[in-house]
Amino acid sequence: MSTPTADNFIEEFIVTDLENGKHDGRIHTRFPPEPNGYLHIGHAKAIVINFEIGKKFGGKTNLRMDDTNPTTEETHFVTNIENDIRWLGYEWEGETLYASNYFGELYQLALRLIDKGLAFVDDSTAEEIAAQKGDIDEPGTNSPFRDRTPAENRDLFERMKAGEFPDGSKVLRAKIDMAHPNLLLRDPVLYRIKHEAHHRTGDEWCIYPLYDFAHGQSDSIEGITHSLCSLEFRHHRDLYNWLIEALGIFPSRQIEFARMNVDYLITSKRRLKKLVEEGIVAGWDDPRMGTLAGMRRKGYPPAALRDFCLRTGVTKRDNQQEFGLLEHSVREVLNETADRYMAVLDPVKLVITNYPAGQSEILTAENNPQDESRGEREIPFSRELWVERSDYRKEPQNRKYFRMAPDKDVRLKAAYILHIEGHEEDADGNVTQINATYYPDSRSGNDTSGIKAKGTLHWVDAATAIDLEVRQYDKLFTDPTPMDHEDKDFMDFINPDSLKIITAKGEPALAQAKVGDTFQFLRMGYYTVDPDATEDKMVFNLTCGLKSSWKG
RNA sequence: AGACCCAUGGUGUAAUUGGCAACACAACAGAUUUUGGUUCUGUCGUUCAAGGUUCGAGUCCUUGUGGGUCUACCA
């Protein structure tokens, strides 16, 4: 089998490694979230990169919870993360792994470092350590505890583990170089004391490794060949490699790529949390949120998200993806998969004056013009219908206008051609009813009328229509990059009209829809059944509108 | 300001590693269409700057400029 061709700079590294026979041609990646929050679109990118590379090069991909901070981590986040990844369409190698699985091994590695004289126990306070760090253009100063002997350090560290010291009283630090240009290498803290229960190890430990003494070591323990992370970890790589060298452990290779930013979506956990806590959104799974749970609830198909992440590429450049590309991916999938139904979002009554009262008939309509195998469905039709208010104009219009107006001919989808006569209105000039006549010989499928109607409109039979609660979601912010304003807070850009709840009229077959089903409401957009739907009340969320080339 | 990273159309990503700057999205125009959807066709427009190396530079070198990251007992 020949090596696949590289599609980006990370894959180029991998291809080179493969060609050189590194790690016997083994490729192993991992997705390492901290279980302290919900996954969002940025995580989706990292998931796609890691899993797709694993797949493409015949490798494996682990799921590892980076759970080294007991203060912030909870088990229910783990379950959530697992669900989101599976929903996105990926299955990891074996069991879910945890950095906390390795606390014992990590402790032994720390001892090894101490014995080699490369780590020391420091009694300095956090403030003192910060002061010792120096500055970007000023070298740091050595800790007064830096020269303790390995024996003394080992004793102290063992007693830290035994719980002899209170939180904050001591830390374990690597002994590197307090004048190093990379601040991370100025004797970084490796272990801290936290008398706190961990979501998995309980009270077994009172010392916990920091990221830099857990992540890379976990990579090594798992035999991860390529440890892919975002650009902000670039400076950590020097420490990552220093520790591999010092410890003599499996040399995983860290490669950094640029995070993906998407217009109108924020990925900052703190800010997402604020939106939830201040009631700006209904929860972490609100369809307006950039969380995977939110996008799922909004009706975005996982295939669309994967496609989006793939087509935005992998580079080291700061990037800002247009929201339109995300929606393009969503529409591309839904156009093929979503059945078409009719629903009238802003209904106004239309009466066919020459259609006999009390008469009705059953018409058939294709479910999906892109896919004949989706079959047809039946739609009731009678004298009184609901049509879209915005499809009617009170004054006669020119030929560039295809919809309803006095004296216009329009086609009702899957039904007849109508001749619009006029309307009735209330004292305020609001249209209360549209009157029309129909051409009995213009029925869809056997139209012998010879009449050409340019416009085809959606409609619902009034007698059999069901009410639908429709949640019309719009962008949460009025600015594509609400965080990028130095003089303003992102909260200043909250869109006050990001959700409008309306009652629409839908064709009766819609009553059978199940949570998560996504449809195209003909001419209006894609809509998905919300979990709030009940037997008595259907609830639909707007997934994404349709493109429109009409400038009306 | 020290160190590190980055710079190609409106957006994002390519360019056989020094050889005609391409693709997607967006926008615009037209054709098709029982969704003003889909599909099809066309148009639009780019190598941050200045030097240098070279027959030839988006690619290599130098110097600028612009943007990003780093000074948590978070990850």
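The rules behind these values
Residues numbered from 1 in each chain as written. Chains lettered and ligands numbered in written order. Predicted model: local features only at pLDDT ≥ 70, side-chain atom pairs only at ≥ 80, totals over all residues. Heavy atoms only, no water. Domains from an automatic or database assignment. Contact = heavy atoms within 4.5 Å. Buried area = accessible area lost by both parts, 1.4 Å probe. 1 Å grid on protein atoms, 1.4 Å probe; cavity = no way out; pocket = protein on both sides within 12 Å on 5 of 7 lines; lining within 4 Å. Points joined across faces, edges and corners; volume = space filled by probe spheres on them. Helix = DSSP H or I, 4+ residues; strand = E, 2+ residues; numbered from the N terminus. Nonpolar A, V, L, I, M, F, W, Y, C, P; charged D, E, K, R; others polar. Expected span 1.5 Å × (residues − 1). Buried < 20%, exposed > 50% of the residue type's maximum accessible area, 1.4 Å probe, protein only. Phe/Tyr/Trp six-rings, centres within 6.5 Å; stacked < 30°, edge-to-face > 60°. Salt bridge = Lys/Arg side-chain N within 4 Å of Asp/Glu carboxyl O. Near = heavy atom within 4 Å. Polar contact = N/O pair within 3.5 Å; in protein donor to acceptor, adjacent residues only side chain to side chain. Patch = residues over 30% accessible without salt bridge, like charges linked within 9 Å, V, L, I, M, F, W, Y side chains within 5 Å. Areas by Shrake-Rupley, 256 points an atom, 1.4 Å probe, with all protein chains shown as cover. Lys, Arg positive; Asp, Glu negative; His and termini not counted. Charge placed at Lys NZ, Arg CZ, Asp CG, Glu CD. Pairing = 2+ DSSP bridges. Axes fitted to C-alpha atoms, helices over the stretch in contact; angles between N-to-C directions. Parallel < 35°, antiparallel > 145°, perpendicular 65-115°, else oblique. Left-handed = near helix turned anticlockwise from the far one by under 90°.

Draft legend 1. Examining the domain arrangement of chain A more closely. Each assigned domain of chain A is listed with its residue range as follows: domain 1 (9-257), domain 2 (262-339 + 469-544) and domain 3 (343-458). Computed over C-alpha atoms, the centres of domain 1 and domain 2 are 34 Å apart. With 23 residues of domain 1 in contact, the opposing surface of domain 2 contributes 25 residues. Of the roughly 2100 Å² buried where domain 1 meets domain 2, counting both sides, 73% is carbon and sulfur surface.

Draft legend 2. Seen up close, the layout of surface pockets. For the largest pocket, the calculated volume is near 860 Å³. Lining the largest pocket are 34 residues, and of these Pro32, Glu34, His43, Ser230 and Phe233 sit closest to its centre. When contributions to the lining of the largest pocket are tallied by element, the ones reaching two or more residues are strand 1 (28-31), helix 2 (41-56) and strand 8 (226-230). It is helix 2 that contributes the most residues to the lining of the largest pocket, five residues altogether. For the lining of the largest pocket, the residue count by class is 13 nonpolar, twelve polar and nine charged. Shared between two domains, the lining of the largest pocket takes at least three residues from each, and those domains are domain 1 (9-257) and domain 2 (262-339 + 469-544). Of the voids in this model, the second largest pocket is the one considered here, and its volume is about 480 Å³. If you trace the second largest pocket, you find 15 residues lining it, with Arg403, Arg523, Lys547, Ser548 and Trp550 closest to the centre. Partitioning the lining of the second largest pocket into residue classes produces five nonpolar, five polar and five charged.

Draft legend 3. Layout of helix 12 (residues 323-337). With 15 residues, helix 12 should cover 21 Å at 1.5 Å per step; its first-to-last C-alpha distance of 21 Å lies within 8% of that length. For helix 12, every residue scored as buried is listed here: Phe323, Leu326, Glu327, Ser329, Val330, Arg331, Val333 and Leu334.

Draft legend 4. How the structure looks around the packing of aromatic side chains. Evaluation of the coordinates by the stated rule reveals 23 aromatic pairs. When the ring of Tyr107 is compared with that of Phe157, the centres are 5.2 Å apart and the planes differ by 20°; the resulting orientation is stacked. Residue Tyr107 is found in helix 4 (residues 103-115), and its partner Phe157 is found in helix 6 (residues 150-162); the two are separated by 50 residues along the sequence. In this pair, the class of Tyr107 matches that of Phe157, namely buried. With a centroid separation of 6.2 Å and 85° between ring planes, the pair formed by Tyr264 and Phe323 is classed as edge-to-face. In this pair, Tyr264 sits in the loop between strand 10 (261-262) and helix 9 (269-277) while Phe323 sits in helix 12, placing the two residues 59 residues apart along the sequence.

Draft legend 5. Broad picture of the pattern of salt bridges. Across all of its chains, the model carries 42 salt bridges by this definition. Notably, a salt bridge pairs Arg311 with Glu332, separated by 3.0 Å at the nearest N-O pair. Highlighted residues: Arg311 in helix 11 (residues 302-311) and Glu332 in helix 12, separated in sequence by 21 residues. With relative accessibility at 39%, the residue Arg311 sits in the partly exposed group. Asp467 is the partner of Lys505 in a salt bridge, and the nearest nitrogen-oxygen pair spans 2.8 Å. Remark: Asp467 occurs in strand 23 (residues 466-473) and Lys505 occurs in strand 24 (residues 499-506); sequence separation between them is 38 residues. For Lys505, a relative accessible area of 19% gives the class buried.

Draft legend 6. Inspection of the protein's contact with RNA strand B at higher detail. In the neighbourhood of RNA strand B, 65 residues make up the surrounding shell, with Asp137, Arg317, Arg340, Arg403 and Ser444 lying closest. Atoms of RNA strand B within 4 Å of the protein belong to the sugar or the phosphate in 61% of instances, the rest to bases. Backbone polar atom of Gln320 to a sugar or linking oxygen of RNA strand B: 3.1 Å apart, as the coordinates give it. Separating a sugar or linking oxygen of RNA strand B from a side-chain N or O atom of Ser548 is a distance of 3.0 Å.

Draft legend 7. Region of the structure containing a negative patch on the surface. There is a patch of like negative charges on the surface, built from Glu486, Asp487, Asp489 and Asp492. With respect to the helices, strands and loops of the structure, Asp492 is situated in the loop between strand 23 and strand 24.

Draft legend 8. Broad picture of the sheet that holds strand 2 (residues 60-65). Strand order in this open sheet of three strands is 1-2-3, and the pairing throughout is parallel. The open sheet terminates on both sides in strands that have one partner only, identified here as strand 1 and strand 3 (97-98). Where strand 1 lies against strand 2, four bridges are found, and the strand directions are parallel. Within strand 2, the position partnered with Arg30 by the bridge is Asn62. Strand contacts of helix 2: strand 1 and strand 2, with the helix running at about 160° to strand 1, the strand carrying the most contacts. Packing of helix 3 (residues 75-88) onto the sheet brings it into contact with strand 1, strand 2 and strand 3, and relative to strand 2 it is tilted by some 155°.

Draft legend 9. Quick look at the packing of helix 7 (residues 215-222) against helix 8 (residues 234-247). Close contact between helix 7 and helix 8 brings their axes to 9 Å; oriented N to C, the two are set at 55°. One finds that helix 7 runs oblique with respect to helix 8. In this structure, helix 7 meets helix 8 at a crossing whose hand is right-handed. Residues Gly216, Gln217, Asp219 and Ser220 of helix 7 touch helix 8, and the partners they reach there are Tyr240, Leu243, Ile244 and Leu247. Grouping the amino acids of the contact of helix 7 with helix 8 by side-chain chemistry returns four nonpolar, three polar and one charged.

Draft legend 10. The arrangement of the sheet that holds strand 5 (residues 171-174) in detail. Across the sheet, four strands lie side by side as 4-5-6-7; this open sheet has antiparallel pairing. Since the sheet does not close on itself, it has two edges, and those belong to strand 4 (119-122) and strand 7 (207-209), each with one partner. Neighbour-to-neighbour, the strand axes of the sheet open up by a mean angle of 20°, direction not taken into account. As defined by bridge partners, strand 6 (residues 189-193) adjoins strand 7 across three bridges and the pair is classed as antiparallel. For Arg192, the partnering residue across the bridge sits in strand 7 and is Tyr208. Set on the sheet, helix 6 makes contact with strand 4, strand 5, strand 6 and strand 7; between it and strand 4 the angle comes to about 60°.

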